[in-house]
Amino acid sequence: MSIAEFELTQLPVGGFARVVGIKAEGLVRNRLLDLGLVPATVVEAVRKSPAGDPIAYKIRGALIALRSEESRQITVRALVED
Amino acid sequence: MGLTTQSTGIYAFVEEMHQDPNFNTDAVIALAGNPNTGKSTVFNGLTGLNQHTGNWPGKTVVLAKGIYEHRGKKITLVDLPGTYSLLANSADEQVARDFICFGNPDATVVVADATCLERNLNLVLQVMEITPKTILCLNLIDEAKRKAIRIDRNGLERLLGIPVVPTVARDKGGLAELENTIHEVALGKRQMNPRQTIYHQAIEEALRELQAELEEVLQGKLNSRWVALRLLDGDSSIIDEIRRYLITSTTQVGKEV
């Protein structure tokens, strides 16, 4: 069974996902990695701003807001509940 | 005098610091850390009221420096802007990076939030890559305890190869030990053996090649492994700054001779 991969932007508020990879390159990529978004990191979508963008995510113990132009570049997959 | 490369950025800041008539210090310590780690609380706890804030020439970044005395030595602390990294490109990060790389601090203290250590260690490793004289200050250790986070300090010291000091800067807890550790590291009384990040084999091979050539150019002025890594990154802002640093330091050597 394979688990579908999708863009972090699509993660609904309250949902958890695991980072698979980052499509961005250069400085944006560096910045996202620096924020702790390395493969296997668990991310939670915490809340949406009124306009729906940016969205606040819980990443390794800190709440960080990402714009959809950044979160679109982050590939994740759903956490399998056990 | 017009603005030259020597009179802006890091050089102006360091020069101004040394020209201050009240400035006679035995060691200069850089204080780095992620935002919201209590870095400024550590700074205030150590220096009390003996501090000045100043603008980093050429950039709208405010820097505070302060002085304290420990065992008869005058120690100058420079409070750098809070950053997650030294590699990306905001003005804050450039200032922090330039000071640690080119300001020749006698030691660099990285203040980390003990409640989310993982995300803080990225900066620690980056600083260790530049300078072996790195100290990790684990702040907010009381809050970590409250959240049932236990940190194996000895294990961390062994893994990183640098001194680790837990503090509760708000209540001045651990600051005496931090002062002792800074003293030992800055004045060369403690043997440092920081763990090096080992990269993919292909990168390591490229590094070896570059390093051999760089040693000649750098003549010990900068860490050749670190410069080789930045060349591989191809980040032009760092490469420009390295070039400037080498030109400036060569002119200064020329003046002395």
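Reading guide: rules and limits
Residues numbered from 1 in each chain as written. Chains lettered and ligands numbered in written order. Predicted model: local features only at pLDDT ≥ 70, side-chain atom pairs only at ≥ 80, totals over all residues. Helix = DSSP H or I, 4+ residues; strand = E, 2+ residues; numbered from the N terminus. Rg over C-alpha atoms; globule rule 2.2 N^0.38 Å. Contact = placed C-beta atoms within 7 Å. Core = buried A, V, L, I, M, F, W, Y, C linked by C-beta atoms within 7 Å. Buried ≥ 20, exposed ≤ 12 C-beta atoms within 10 Å, placed from the backbone. Domains from an automatic or database assignment. Pairing = 2+ DSSP bridges. Axes fitted to C-alpha atoms, helices over the stretch in contact; angles between N-to-C directions. pLDDT = per-residue confidence, 0-100.

Structural notes on the overall build of chain A
Here's step 1: For chain A, the helix and strand inventory stands at two helices and six strands.
Here's step 2: Reading the secondary structure of chain A in the N-to-C direction produces β-β-α-β-β-β-α-β.
Here's step 3: Relative to the compact-globule value of 12 Å for 82 residues, chain A shows a C-alpha radius of gyration of 12 Å, a close match.
Here's step 4: With the principal axes as the frame, chain A shows a C-alpha extent of 35 × 30 × 20 Å.
Here's step 5: Intrachain contacts of chain A at a sequence separation of at least 6 include 58% that bridge at least 24 residues.

Remarks on the nonpolar core
Residues and elements named next belong to chain B.
Here's step 1: By size, the foremost hydrophobic cluster in this structure holds 74 residues, and its most contacted members are Ile 29, Leu 31, Val 110 and Cys 137.
Here's step 2: In terms of residue count, the dominant contributor to this core is helix H3 (residues 91-102) (six residues).
Here's step 3: When we break this core down by domain, the ones giving at least three residues each are domain 1 (5-197) and domain 2 (199-257).
Here's step 4: What Cys 137 contacts, discounting residues up to four positions off in sequence, is Val 42, Val 109, Val 110, Val 111, Ala 112, Val 165, Thr 167 and Leu 178.

Brief notes about the sheet that holds strand E6 (residues 74-78) of chain A
Residue and element names in this part refer to chain A.
Here's step 1: Within the open sheet, the six strands sit side by side as E1-E6-E2-E3-E4-E5. Their pairing is antiparallel. Each end of this open sheet is capped by a strand with a single partner; those strands are strand E1 (5-7) and strand E5 (62-66). The average angle at which neighbouring strand axes cross in this sheet is 45°, direction not considered.

A few points about the confidence of the model for chain B
Residue and element names in this part refer to chain B.
Here's step 1: With 87% of its residues at a pLDDT of at least 70, chain B reaches an overall mean of 86.
Here's step 2: Across chain B, the element-wise mean pLDDT spans from 69 in strand E2 (residues 51-55) up to 97 in strand E7 (residues 164-166).
Here's step 3: Scoring the predicted complex yields pTM 0.85 and, for the interface, ipTM 0.75.

Focus on unusual backbone geometry
Here's step 1: Backbone torsion omega between Asp 53 of chain A and Pro 54 of chain A reads 5°, so that peptide bond is classified as cis.
Here's step 2: Examined against the element boundaries, Pro 54 of chain A turns out to sit in the loop between strand E3 (42-48) and strand E4 (55-59).
Here's step 3: You will see that Asn 36 of chain B, though not glycine, has its phi angle at about 60°, which is positive.
Here's step 4: Residue class for Asn 36 of chain B comes out exposed when judged on the 12 C-beta atoms lying within 10 Å of it.
Here's step 5: Phi is positive for Leu 140 of chain B, close to 60°, though the residue is something other than glycine.
Here's step 6: As for its position among the elements, Leu 140 of chain B is in the loop between strand E6 (134-139) and helix H5 (141-146).
Here's step 7: Given 24 C-beta atoms within a 10 Å radius, Leu 140 of chain B is considered buried.

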